[in-house]
Amino acid sequence: MTNTKSAFVVSPDWLQQRLEAPSVRILDAAWYLPAQNRNPKAEYDAGHIPGAVFFDQDAIADHTSGLPHTLPTPEAFAKAVGALGVSETDTVVVYDGPGIMTAPRVWWMLRIMGAKDVYVLDGGMDGWKKDGRPVTTDVPSPRPVTFNVTFTPSAVTSFERMQDIVKSGTIQIADARGAGRFLGVEAEPRAGMRSGHMPGARSLPSTTFSENGKFKDLDTLRKTFAEAGVDLSRPVVTTCGSGVTAAIITLALQSLGHTDNTLYDGSWSEWGGRADTTVVTGSE
């Protein structure tokens, strides 16, 4: 029987059966834009999956870049994740609030830093609570461990590389922002930033990959890329507002066996925030 679901996404049943497993680590990686009016740490404190530790995406980042959520150095990442009790050999399950929103970013970070056994929880914390599954306010005190980094720098696209990609048009660009921002008819959530998109980019809003917080099946994912004009036989770079939801597209690509993809870490916060970049509005 052909598997119709992503091998990187696990069900709530799967996780609940493994809550006591000594090699399973659970990360609450929820993060929200101000307009969403949700506080991830407050929600974690009010109730989380037993054993879960909070992964702060604002804190575990490179604060010298001037951009939100820039990937930290491998050394800084290893120190932060090791302090959470996570090693590269653990089975790690990452979840967020609504499901398939910000957890894929941490899934991607862990994988490019050398962790092999990493999954995203289908349905997120909202779905977990809706099902009446166990929730606790007890905050774990994990024993610090060593996270041995094996960083894959080729998985990350820099601004300079992104300029080359836009100029040459040889690599497909998949943009996870909403259609309004992509077309330039809706303002960016960050003040003073232009809306629109990079020349040649394709619109693949992050919300199209899930329904009610659950990741869509492989056939639907494949159809989504085809309808957006993305050829899965060619390389792809993913992008979004600040490098977070771009990882949803990356998760979809990897789920379909597409490995020739990178993530533009600066994303629109960098590209749209500069005066020397080309911005296109409307549909091409």
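The chain carries the name Thiosulfate/3-mercaptopyruvate sulfurtransferase in an unreviewed UniProt entry, which gives Ensifer adhaerens as its organism.

## As for the sheet that holds strand E6 (residues 156–157)
Spatially, E6-E12-E11-E7-E8 is the arrangement adopted by the five strands of the open sheet, whose pairing is parallel. The open sheet has two free edges, formed respectively by E6 and strand E8 (202–203), since each of these has just one partner strand. Bridge analysis of strand E7 (residues 172–175) against E8 gives two bridges, and the strand direction is parallel. Within E8, the residue paired with Ala174 across the bridge is Arg202.

## Side note on helix H6 (residues 159–168)
Inspection of H6 places Phe159, Met162, Ile165 and Val166 among the buried residues, and these make up the whole buried set. The buried residues of H6 occupy an angular sector of 115° when projected down its axis, which confines them to one face. Following H6 by one or two positions, Gly169 has its phi on the positive side, about 70°.

## Brief notes about the packing of aromatic side chains
Overall, the coordinates contain six aromatic pairs when judged by the stated rule. With centroids separated by 5.7 Å and ring planes inclined at 55°, the aromatic side chains of Phe159 and Trp271 adopt a geometry described as tilted. Of the two residues, Phe159 is situated in helix H6 and Trp271 in helix H10 (residues 267–271); the sequence distance between them amounts to 112 residues. Residue Trp271 is classed as buried on the basis of its relative accessible area, which comes to 2%. Residue placement shows Arg133 over the ring face of Trp128; its charged tip is 5.7 Å from the ring centre. Arg177 extends its terminal NZ or CZ atom over the ring of Trp268, reaching a point 4.2 Å from the ring centre.

Calculation notes
Residues numbered from 1 in each chain as written. Predicted model: local features only at pLDDT ≥ 70, side-chain atom pairs only at ≥ 80, totals over all residues. Heavy atoms only, no water. Pairing = 2+ DSSP bridges. Helix = DSSP H or I, 4+ residues; strand = E, 2+ residues; numbered from the N terminus. Buried < 20%, exposed > 50% of the residue type's maximum accessible area, 1.4 Å probe, protein only. Arc of directions from axis to C-beta. Phe/Tyr/Trp six-rings, centres within 6.5 Å; stacked < 30°, edge-to-face > 60°. Lys NZ or Arg CZ within 6 Å of the ring centre and 35° of its normal.

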